Amino acid sequence: MALAPDTKFLPGLLILLRLSGWSWAARASGPWERRMGVFSSLRSLKSTPDIFHGAVSRLLDTHSLCYNFTVTLKSPPGQRWCEIQGQVDEKIFLHYDCGSNKVITSSPLGMKTNATKEWEKQTESLKDMGDELKQLLPGIKLENYTPRAPLTLQAKMCCARKAGRSTRASWQFGFDGQIFLTFDSENMTWTEVHPGVRSMKDEWKKDRDVSEFFRKTSRGDCNGWLKEFWGHWEKMLEPTAPPPMAPGTAQSKATAITPSPWILPVTLTCSILLGIQGRVLRVAG
């Protein structure tokens, strides 16, 4: 975690300087004027925490929705040929059997939305996506790589929204836990991650229907579900603040004995400034 500079010591530093008789106006025209730039630098730190917290707020305002597909060309008896796991902000909310169109498990996040019309549209669309991926499996040819049998395609569709607007949509495709190919739905760009996927990439890139299918599902369906479901999920996914400490409650030993990283710099700064003042007074005398 990045640490923002703690500026609470600044008022105490200014009081200390005042108590010591330092007058900024009186010294401004003296020979030490060029060295007084340190004070303006210290004063500028006051705005740093606001900038830091603003950046964190903007980052926290981005939310993602992803679906992990596992599609098997010829699944053994009793094994599902298509499974999907849904995640919002990396938290699982759905485990879905797209072969039988049945929800296997649903977390509290999923139960919050499973009575909505959009949830029904989601499961129907996910089944269609699983069917489409299975139809693509027989034509996949990998160079210099032999995947484990039975041939199983692992795909991941993701979308993200920030401040109520769509910011990202993409697909990833892989085998045996490795990413082989990615598709950026924003600019319709295919990227080879594994050298054995060139033929597969060329075939899918050449087929405009395939590219359009991946674009519409990630930018359209996924983005629409995130927009609709977020109103139900927002409070459940809000970060919780630690409970306030009761009055008189002792801090933990680790907290009590951990010195602030600003104590030493402040002490040295005060000593240097007081030394500078003493030298000026001696020269003036």
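Report on the confidence of the model for the protein chain, specifying residues and quantitative values.
When pLDDT is low, close inspection of the predicted coordinates is not appropriate. Per-residue confidence for the protein chain gives a mean pLDDT of 74, with 62% of residues at or over 70. The secondary-structure element of the protein chain with the lowest mean pLDDT is helix H9 (residues 253–256), recorded at 35, while strand S7 (residues 178–184) shows the highest, at 97. Counted against residues more than four places away or in other chains, residues 1–59, with its pLDDT under 50, gives 40 contacts. Contacts for the low-pLDDT stretch residues 240–264, under 50 throughout, to residues beyond four places or in other chains number five contacts.

Could you give an account of the pattern of salt bridges, with specific residues and numbers?
Between side chains of opposite charge, pairing is possible as soon as their charged atoms come close. Scanning the model with the defined rule gives nine salt bridges in all. The shortest N-O distance in the salt bridge between Arg-148 and Asp-176 comes to 3.8 Å. Placement of the pair is Arg-148 in the loop between helix H6 (117–136) and strand S5 (152–162) and Asp-176 in the loop between strand S6 (165–175) and S7, with a sequence separation of 28 residues. The class of Arg-148 is exposed, set by a relative accessible area of 58%. Between Lys-206 and Glu-203 there is a salt bridge, with its nearest N and O atoms 3.7 Å apart. Pair noted here: Lys-206 and Glu-203 are both in helix H7 (residues 198–206), with a separation of three residues, about one helical turn. Members of the salt-bridge network, linked through shared partners, are Arg-80, Glu-83 and Asp-97.

Quick one: what's the story with the pairing of strand S2 (residues 82–88), residue by residue and with numbers?
The element S2 is extensively covered by neighbouring structure, given that five of its seven residues are classed as buried. Bridge count between strand S1 (residues 62–72) and S2: seven bridges; the pairing is antiparallel. Along S2, the bridge assignment pairs Val-71 with Cys-82. Examined bridge by bridge, S2 and strand S3 (residues 91–97) share six bridges and lie antiparallel to one another. Opposite Ile-84, over in S3, you have Tyr-96 as the bridge partner. Counting the residues that bridge the hairpin from S2 to S3 gives two residues, and of these Asp-89 lies at a positive phi of roughly 50 degrees.

Could you give an account of the side chain of Asp-176, with specific residues and numbers?
Reaching out from Asp-176, the side chain makes a polar contact with the backbone nitrogen of Arg-148 at a distance of 3.3 Å. Not counting residues up to four positions away in its chain, the partners in contact with Asp-176 are Tyr-145, Pro-147, Arg-148 and Gln-154.

I'd like a description of the state of the cysteines, backed by residues and values.
According to the stated counting rule, one finds three disulfides in the structure shown. Shown here is the disulfide that connects Cys-66 with Cys-158, its sulfur atoms set 2.0 Å apart. Residues Cys-66 and Cys-158 share a disulfide whose torsion about the S-S bond is about 115 degrees; that sign makes it right-handed. Here Cys-158 lies in strand S5 and Cys-66 lies in strand S1, a separation of 92 residues in the sequence. Taken individually, Cys-66 and Cys-158 each receive the classification buried, so the pair is uniform in this respect. Here Cys-159 is linked by a disulfide to Cys-222, with a sulfur-sulfur distance of 2.1 Å. Sign of the S-S torsion, about -80 degrees for the bond between Cys-159 and Cys-222, identifies this disulfide as left-handed. Placement of Cys-159 in strand S5 and of Cys-222 in helix H8 (residues 208–237) is noted, with a sequence separation of 63 residues between them.

Reading the values: rules and limits
- Residues numbered from 1 in each chain as written.
- Predicted model: local features only at pLDDT ≥ 70, side-chain atom pairs only at ≥ 80, totals over all residues.
- Heavy atoms only, no water.
- pLDDT = per-residue confidence, 0-100.
- Helix = DSSP H or I, 4+ residues; strand = E, 2+ residues; numbered from the N terminus.
- Contact = heavy atoms within 4.5 Å.
- Salt bridge = Lys/Arg side-chain N within 4 Å of Asp/Glu carboxyl O.
- Buried < 20%, exposed > 50% of the residue type's maximum accessible area, 1.4 Å probe, protein only.
- Pairing = 2+ DSSP bridges.
- Polar contact = N/O pair within 3.5 Å; in protein donor to acceptor, adjacent residues only side chain to side chain.
- Disulfide = S-S within 2.5 Å.

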